[in-house]
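The primary structure of each chain is shown beneath.
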Amino acid sequence: MKILTYPNPKLKRKAEAVKAFNKELAKIAKEMFQFMYKLNGVGLAATQIGLPYCLAVVNPTRQPAGEIVLINPRFTKTGPGTVNEDEGCLSVPGLSARVKRFANVTCEYQNLKGEKVVLEARELLARILQHEIDHLNGILFIDRLSEDERKLLLNRGSQKAKDEISPS
Ligand code: CO
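Residues numbered from 1 in each chain as written. Predicted model: local features only at pLDDT ≥ 70, side-chain atom pairs only at ≥ 80, totals over all residues. Heavy atoms only, no water.

(A) View of the overall build of the protein. Within the protein, the secondary structure is distributed over three helices and seven strands. Each helix and strand of the protein, placed in order from N terminus to C terminus, yields the pattern α-β-β-β-β-β-β-β-α-α. The C-alpha radius of gyration computed for the protein amounts to 16 Å, which stays within 12% of the reference 15 Å derived for 168 residues, consistent with globular compactness. If you line up the protein on its principal axes, its C-alpha atoms span 55 × 35 × 30 Å. Going through the 168 residues of the protein one by one, you find that 42% of them count as buried. Summarising the internal contacts of the protein: among those between residues at least 6 apart in sequence, 62% fall at separations of at least 24. Approximately 9800 Å² of the protein is accessible, and the part contributed by carbon and sulfur atoms is 52%. (Helix = DSSP H or I, 4+ residues; strand = E, 2+ residues; numbered from the N terminus. Rg over C-alpha atoms; globule rule 2.2 N^0.38 Å. Buried < 20%, exposed > 50% of the residue type's maximum accessible area, 1.4 Å probe, protein only. Contact = heavy atoms within 4.5 Å. Areas by Shrake-Rupley, 256 points an atom, 1.4 Å probe, with all protein chains shown as cover.)

(B) Up close: the environment of L154. Summarising the element assignment, L154 is placed in helix α3 (residues 147-165). L154 sits 12 residues away from I142 along the chain, and the two C-alpha atoms are 8.9 Å apart.

(C) View of the sheet that holds strand β6 (residues 104-110). The sheet built from five strands is open, its strands ordered β1-β2-β3-β6-β7 with antiparallel pairing. If you trace the sheet from one side to the other, it starts and ends with β1 (43-45) and β7 (116-122), each paired once. Pairs of neighbouring strands in the sheet enclose a mean axial angle of 40 degrees, with direction left out of account. The sheet contacts of helix α2 (residues 123-136) involve β1, β2 (55-58), β3 (68-78), β6 and β7, and relative to β7 the element is tilted by about 125 degrees. (Pairing = 2+ DSSP bridges. Axes fitted to C-alpha atoms, helices over the stretch in contact; angles between N-to-C directions.)

(D) Just unusual backbone geometry, in detail. Each neighbour pair has its own omega, and for Y6 with P7 the value is 5 degrees, a cis peptide bond. Tracing the backbone through its elements, the reader meets P7 in the segment before α1 (23-38). Cis geometry marks the peptide bond from G79 to P80, where omega comes out at 5 degrees. Following the sequence through the fold, P80 ends up in the loop between β3 and β4 (82-88). One non-glycine residue, N40, lies in positive phi territory at about 60 degrees.

(E) Local environment of the nonpolar core. Counting 18 residues, the largest nonpolar core has I68, L70, L125 and L129 as its most contacted members. Mapped by element, the contributors of at least two residues to this core are β2, β3, β6, β7 and α2. Broken down by element, this core gets its largest block of residues, six residues, from α2. Discounting residues that sit within four places of it in the chain, L70 has contacts with C54, L55, A56, V58, C107, Y109, Q110 and L129. One finds V18, M32, F35 and I49 within the second-largest nonpolar core, a separate group that totals 16 residues. (Core = buried A, V, L, I, M, F, W, Y, C linked by side-chain atoms within 4.5 Å.)

(F) Structural detail: the coordination of the cobalt ion. At 2.0 to 2.2 Å from the cobalt ion lie its protein donor atoms, namely C89 (SG), H131 (NE2) and H135 (NE2). All donors to the cobalt ion come from one chain, and their sequence spacing reads C-x41-H-x3-H. Of this pair, C89 sits in the loop between β4 and β5 (96-102) while H131 sits in helix α2, placing them 42 residues apart in sequence. A single burial state applies to C89 and to H131, both of which are buried. (Donors = N, O, S within 2.8 Å, 3.2 Å for Na, K, Ca; no water.)

(G) Highlighting the environment of A97. Tracing the sequence through the fold places A97 in strand β5. Each C-alpha atom, one on A97 and one on I139, is 15 Å from the other, the two residues being 42 residues apart in sequence. In contact with A97, not counting residues within four places along its chain, are E85, D86, E87, F141, L145 and L153.

(H) Representation of the side chain of N72 in the model. Tracing the sequence through the fold places N72 in strand β3. Only 2.8 Å separates the side chain of N72 from the backbone nitrogen of V18, close enough to count as a polar contact. Residue contacts for N72: discarding those within four places in its chain leaves A17, V18, F21, C54, E108, Y109 and Q110. (Polar contact = N/O pair within 3.5 Å; in protein donor to acceptor, adjacent residues only side chain to side chain.)

What follows is the structure in structure tokens.
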């Protein structure tokens with residue numbers, strides 16, 4: 001498994017709905033959790049590893065009980081309220097920025113058995129869900145910034161990369 005990073009065009013692909021809830025899917029989800037833990041992430045979308053499935057794994061707690069496999073997720077309710085907080089992404093390494101997100105969301109998705117699940121989330125989990133579902137729609141957190149903010153952040157990123165290559 002390999003993480004795709006910005007500006008890989010595959011990160012802009014919209015995921016395809018999952019129709020087959022089989023052992024293969026469960027195996028992919030399990031491997032995605034392992035990979036996500038290795039990278040110290042709290043969420044990982046299939047889009048980020050180059051798979052076209054509408055599938056993401058999430059775990060804000062890092063405990064086994066906190067594992068959520070989101071398949072074909074969508075929001076049925078967003079709000080009330082918004083929050084501006086720092087956000088980063090495994091596909092945009094080393095950079096973070098304040099991103100405005102809904103404070104509360106209700107998400108409907110399918111689990112690995114294909115059963116419908118309704119999840120009400122707030123705070124960190126609400127933010128992770130919005131971030132991961134964005135990935136499945138081909139959207140990165142930097143796409144949620146204003147053009148000026150994005151340019152500033154990416155310039156800072158390329159300067160940082162240069163400094164790392166040629167220390168002086
Ligand atoms: Co991300």
